[in-house]
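Now for the letters of each chain:
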Amino acid sequence: MGNHKLPKDFFFGAAMSGPQTEGAWQDYGKLPNLWDLWSNLKITDFYNLVGSYGGNDFTRRRDEDLAIFKDLGLDSVRTSIQWSRLMDANGQLNPQGAQYYHELFAAFKRAGIVPFVNLYHFDMPAYLFARGGWENREVIEAYANYAAAAFQEFGHEVDYWFTFNEPIVEPQQRFTNAVWCPFHHDFAEARRVQYGITLAHALAVQNFRSAQAAGRDRPEHTTASS
């Protein structure tokens, strides 16, 4: 076999998420989210009983893990910001959470890895889920506010954004198949949730474009799913 080269503009990477990898689930001012709720409710649903508590311990092993990524030849990695870590219960930026992610993106830069950043990996803050989740327009607006805060805070550090990870999966798994917390088997509810996610995505993209136009930050790319 001959030698093969990837195109110059090809991103060779891997993917992870905040709730699956970060651990530190009660640190840096983080609020409980749906992953934490599910972990507390039924830890046996998680492989090797590893829920959101430890994740992959990425918070403590960050630099070590990034070095491994680089050694593998990766030039990009997709991760996510946890809504419940970045924002407080009043919908304001949590300074500890913001600093957490500033340090994360600085570590990516030192390692020579481009971060692709997702804003939602099935990890709604628990207090917002208790208010109706994606079926409540106020929660949808809260997500749009969170997205705007992320674009403004990290726009000079992040060029590539995703609004949602696999946006059809949450309605299907939580409310159609009922295999994810809260285990509701209700197709009509699933469709309402899907509508809410779609609307939240649209509002987030609107805020993304407004951030670009205002020149407050320079996010270059966004998409609905990763």
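Look up a bit, the structure's there.
Described below are features of the structure shown in this document. None of these values were measured; they are calculated from a predicted model. (Residues numbered from 1 in each chain as written. Predicted model: local features only at pLDDT ≥ 70, side-chain atom pairs only at ≥ 80, totals over all residues. Heavy atoms only, no water.)

### Re the pairing of strand S3 (residues 114-118)
1) Next: With respect to burial, S3 is a largely interior element, four of its five residues being buried.
2) Next: One ladder, built from five bridges, connects strand S2 (residues 76-80) with S3; its direction is parallel. Residue pairing across strands places Thr79 opposite Val117, the latter belonging to S3. (Buried < 20%, exposed > 50% of the residue type's maximum accessible area, 1.4 Å probe, protein only. Helix = DSSP H or I, 4+ residues; strand = E, 2+ residues; numbered from the N terminus. Pairing = 2+ DSSP bridges.)

### Section: the pairing of S2
1) Next: With five of five residues buried, S2 lies mostly within the body of the structure.
2) Next: Burial along S2 is two-sided: Ser76, Arg78 and Ser80 facing one way and Val77 and Thr79 facing the other are all buried.
3) Next: Strand direction decides the pairing type here: strand S1 (residues 13-15) and S2, joined by three bridges, are parallel. Pairing of Ala15 across the sheet is with Arg78, part of S2.

### Comments concerning the environment of Asp36
1) Next: Take Asp36: it is sitting in helix H2 (residues 34-41).
2) Next: Since its relative accessible area comes to 1%, Asp36 is described here as buried.
3) Next: Between the C-alpha atoms of Asp36 and Trp25, which are eleven residues apart in sequence, the distance is 7.7 Å.
4) Next: Contacts of Asp36, omitting those with residues within four sequence positions, involve Trp25, Lys30, Leu31 and Ser52.
5) Next: Engagement of the side chain of Asp36 in a polar contact is seen with the backbone nitrogen of Asn33, the distance being 2.8 Å. (Contact = heavy atoms within 4.5 Å. Polar contact = N/O pair within 3.5 Å; in protein donor to acceptor, adjacent residues only side chain to side chain.)

### Quick word on a nonpolar patch on the surface
1) Next: On the surface, a nonpolar cluster with roughly 280 Å² of combined accessible area is contributed by Leu6, Phe10 and Phe12.
2) Next: Within the fold, Leu6 resides in the segment before S1. (Patch = residues over 30% accessible without salt bridge, like charges linked within 9 Å, V, L, I, M, F, W, Y side chains within 5 Å. Areas by Shrake-Rupley, 256 points an atom, 1.4 Å probe, with all protein chains shown as cover. Salt bridge = Lys/Arg side-chain N within 4 Å of Asp/Glu carboxyl O.)

### Some words on the layout of surface pockets
1) Next: The volume enclosed by the largest pocket comes to roughly 190 Å³.
2) Next: Contributing elements (two or more residues each) for the lining of the largest pocket: helix H5 (95-111) and S3.
3) Next: For the lining of the largest pocket, the leading source of residues is H5, giving three residues.
4) Next: Its residues placed into classes, the lining of the largest pocket shows six nonpolar, two polar and four charged.
5) Next: Taken as a whole, the second largest pocket spans an internal volume of roughly 170 Å³.
6) Next: Along its surface, the second largest pocket is lined by 16 residues, and Gly91, Tyr127, Leu128, Arg131 and Ala142 are the ones closest to its centre.
7) Next: Residue assignment for the lining of the second largest pocket shows that the elements contributing at least two residues are helix H4 (83-86), helix H6 (126-129) and helix H7 (137-154).
8) Next: Per-element accounting of the lining of the second largest pocket gives the leading share, four residues, to H7.
9) Next: Partitioned by chemical class, the residues of the lining of the second largest pocket number nine nonpolar, four polar and three charged. (1 Å grid on protein atoms, 1.4 Å probe; cavity = no way out; pocket = protein on both sides within 12 Å on 5 of 7 lines; lining within 4 Å. Points joined across faces, edges and corners; volume = space filled by probe spheres on them. Nonpolar A, V, L, I, M, F, W, Y, C, P; charged D, E, K, R; others polar.)

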